[in-house]
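Residues per chain, in single letters:
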Amino acid sequence: MTGHTNTITSVNFSPDGAYLASTGDDGLILLWAIQDGQLHRQLGEHPAMRVVTFSPDGRLLAGASRSGIVLLWQVESGQLLRTLPLHAQRVNALAFHPDGKLLASASSDGTIHLLNVSSV
């Protein structure tokens, strides 16, 4: 699979295994269809994306950047739901709670934020 023009920093499979999300230093957030290996959708372009992860139900995709911003998309439509400047430095990790209602982000600034995504 090709599509990024710079270092890929994160990949993650959807819970049902139908998609692979990738992101990288080129700022692209790409969603690949596993069945045929083709690009399914570009979810956006944001400077220096670092990590990407799916919610446990596969309905949401979260991504985060070197600038401390966390973004949240609806996978089915590709719609950007939220852009959240949560951290003062880069986000190094994202994780959804197993019930899918909370998203945790961890940053180089030494902070962890918990975001309630149950209303999204």
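Since this is a predicted model, take the numbers as computed values, not measurements.

Trainee: I'd like a rundown of the sheet that holds strand S7 (residues 69-74), residues and numbers included.
Mentor: The sheet built from four strands is open, its strands ordered S5-S6-S7-S8 with antiparallel pairing. Sheet topology places strand S5 (49-54) and strand S8 (80-85) at the edges, where each strand pairs with a single neighbour. Strand-to-strand twist across the sheet, computed as the mean angle between neighbouring axes with direction ignored, equals 15 degrees. When strand S6 (residues 60-65) meets S7, the two strands line up antiparallel, connected through five bridges. The residue of S7 that forms the bridge with Ala 62 is Leu 72.

Trainee: Give me a nonpolar patch on the surface: which residues, what numbers.
Mentor: A surface patch of nonpolar side chains, about 320 Å² in accessible area, is lined by Leu 102, Ile 112 and Leu 114. Turning to its location among the elements, Leu 102 is positioned in strand S10 (residues 102-107).

Trainee: Got a sec to walk through the pairing of S10? Specific residues and values, please.
Mentor: Residues Leu 103, Ser 105 and Ser 107 line the buried face of S10, whereas the alternating positions Leu 102, Ala 104 and Ala 106 sit on a face that is not buried. Here strand S9 (residues 91-96) pairs with S10 via five bridges, running antiparallel. Its bridge partner being in S10, Ala 95 is matched across the sheet by Ala 104. Between S9 and S10, which pair antiparallel one after the other, the connecting turn spans five residues, and Gly 100 there sits at a positive phi close to 80 degrees. Relative to strand S11 (residues 112-116), S10 runs antiparallel, the two being bridged by five bridges. Within the sheet, the bridge partner assigned to Leu 102 lies in S11 and is Asn 116. Once S10 ends, the chain turns through four residues before running back antiparallel as S11, passing Gly 110 with a positive phi of about 85 degrees.

What counts, and at which threshold
Residues numbered from 1 in each chain as written. Predicted model: local features only at pLDDT ≥ 70, side-chain atom pairs only at ≥ 80, totals over all residues. Heavy atoms only, no water. Pairing = 2+ DSSP bridges. Helix = DSSP H or I, 4+ residues; strand = E, 2+ residues; numbered from the N terminus. Axes fitted to C-alpha atoms, helices over the stretch in contact; angles between N-to-C directions. Patch = residues over 30% accessible without salt bridge, like charges linked within 9 Å, V, L, I, M, F, W, Y side chains within 5 Å. Areas by Shrake-Rupley, 256 points an atom, 1.4 Å probe, with all protein chains shown as cover. Salt bridge = Lys/Arg side-chain N within 4 Å of Asp/Glu carboxyl O. Buried < 20%, exposed > 50% of the residue type's maximum accessible area, 1.4 Å probe, protein only.

Structural measurements only, silent on function.
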